[in-house]
Amino acid sequence: MNQYNIPTSTSKTPPPTTPIAKTIYIIRHGLARHNVPDYQTGERPNLLDPKYTDPSLIRQGELQARVLGEHLRRRGLLVASAGGIDSNISGSNESSNHLRPPLRPIELVVCSPLTRCLQTASHIFPSYFNESVEGVTSSSEQQSIFSRKKGHCGNKIHVLNGDNRVCCHGDVREAYGMHYPDKRSPLSQLGSKFPTVAYHPSLTEHDIDWKYDTRETRHDVSRRVRNFFVWLLEQPHDNVAIVTHGVWMECALLDYCPEVLEFGRKRVYNCEVYCGTLALSGPWLDGSGGGGVELNNVHQMSLYHA
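Residues numbered from 1 in each chain as written. Predicted model: local features only at pLDDT ≥ 70, side-chain atom pairs only at ≥ 80, totals over all residues. Heavy atoms only, no water.

Caption draft 1: Geometry of the packing of aromatic side chains. Applying the stated criterion across every chain yields a total of eight aromatic pairs. Note on F228 and F229: the rings are 6.1 Å apart at their centroids and 50° apart in plane angle, and the pair reads as tilted. Like F229, F228 is buried. Every member of this aromatic cluster is reached through a ring pair, and the members are F228, F229, W231, W248 and Y256. The ring of Y128 carries the charged tip of R165 above its face, separated from the ring centre by 5.8 Å. (Phe/Tyr/Trp six-rings, centres within 6.5 Å; stacked < 30°, edge-to-face > 60°. Buried < 20%, exposed > 50% of the residue type's maximum accessible area, 1.4 Å probe, protein only. Lys NZ or Arg CZ within 6 Å of the ring centre and 35° of its normal.)

Caption draft 2: Structural detail: the environment of N35. By the element assignment, N35 lies in the loop between strand 1 (21–28) and helix 1 (59–74). Residue class for N35 comes out buried when judged on its relative accessible area of 15%. Sequence separation of N35 and L57 is 22 residues, and the distance between their C-alpha atoms is 9.2 Å. Ignoring sequence-local partners within four residues, the contact set of N35 consists of R28, H29, G30, R44 and N270. At a separation of 3.4 Å, a polar atom in the side chain of N35 contacts the side chain of H34. (Helix = DSSP H or I, 4+ residues; strand = E, 2+ residues; numbered from the N terminus. Contact = heavy atoms within 4.5 Å. Polar contact = N/O pair within 3.5 Å; in protein donor to acceptor, adjacent residues only side chain to side chain.)

Caption draft 3: Representation of unusual backbone geometry. Backbone geometry places M178, a non-glycine residue, at a positive phi of 70°. Of note, M178 is situated in the loop between strand 7 (166–168) and helix 5 (187–193). Here M178 falls in the partly exposed class, since its relative accessible area comes to 31%. Notably, E262 is not glycine yet its phi reads approximately 55°, a positive angle. For E262, the position within the fold is in the loop between helix 7 (246–256) and strand 10 (273–281).

Caption draft 4: Local environment of the nonpolar core. One finds I24, F228, F229, I242 and W248 to be the most contacted residues of the largest nonpolar core, which totals 37 residues. Listing elements by their share of this core, those giving two or more residues are strand 1, strand 4 (108–111), helix 6 (218–233), strand 9 (239–244), helix 7, strand 10 and strand 11 (292–300). At eight residues, helix 6 tops the list of elements feeding residues into this core. If we ignore the near neighbours within four places in the chain, the residues touching F229 are I24, I242, W248, A252, Y256, L278, V293 and L295. (Core = buried A, V, L, I, M, F, W, Y, C linked by side-chain atoms within 4.5 Å.)

All we've got here are geometric facts, nothing functional implied.
Take a look at the structure:
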């Protein structure tokens, strides 16, 4: 599945003219059906029950996402349309706070291919879903959204068009296997519900990665996190939101900045946002290959202000 393995070759690639770095906002999805007890029995959902396959948000989760979207808009982080930033931002109380540095708007939203993340993103970033690759729905047309190029790691990778707003990528999905909420719907079904999303070419019609008898390890998820970060650093967008899952977020934060989660004592909850700077590190910066990635200046965004 993961075609972005770090090469052992020492072949040279031209160094970037400037250090590659991006501001990223990592967001956990809103409350979904499998996150809450049964309203009649009070029992926690049985994650081994197929009826919980790829569950949707509940009403509270939809509300969480909409409220989060409004707070991000007030912070100046949402683009209203291809033409520029939401015109209401300049009049908001929060953006006029001279103590807060100006924030550049999010240019790209990358979602897990599970329904709850796509729904969460569509409620937080509704205008992005209205304009992304409009009118492009077939598999062949979707793949035309991506081009292939040689990345700094030496591998050929899929690169989005710079004007794309929403992408679905399998490497930001939840740890998969055994638990039915982490089994995704068929790609054609997702495409029908979210037709303006660009689906990464590695996604197949059916979820061939999910197995009923085995589950990914933490090491497996950490490898996907790294692969995704390498891919993301090659994209033309500088400010990116990632709508993903609790386990994925905790693996990413504990791997790259464990102090943010108090070295495992703190958990990530629904619709929480962590912001940081993602950058290449090591030999990639001088073109010698074999470097890594780093995530710096990470903090949980405080969205509620008096």
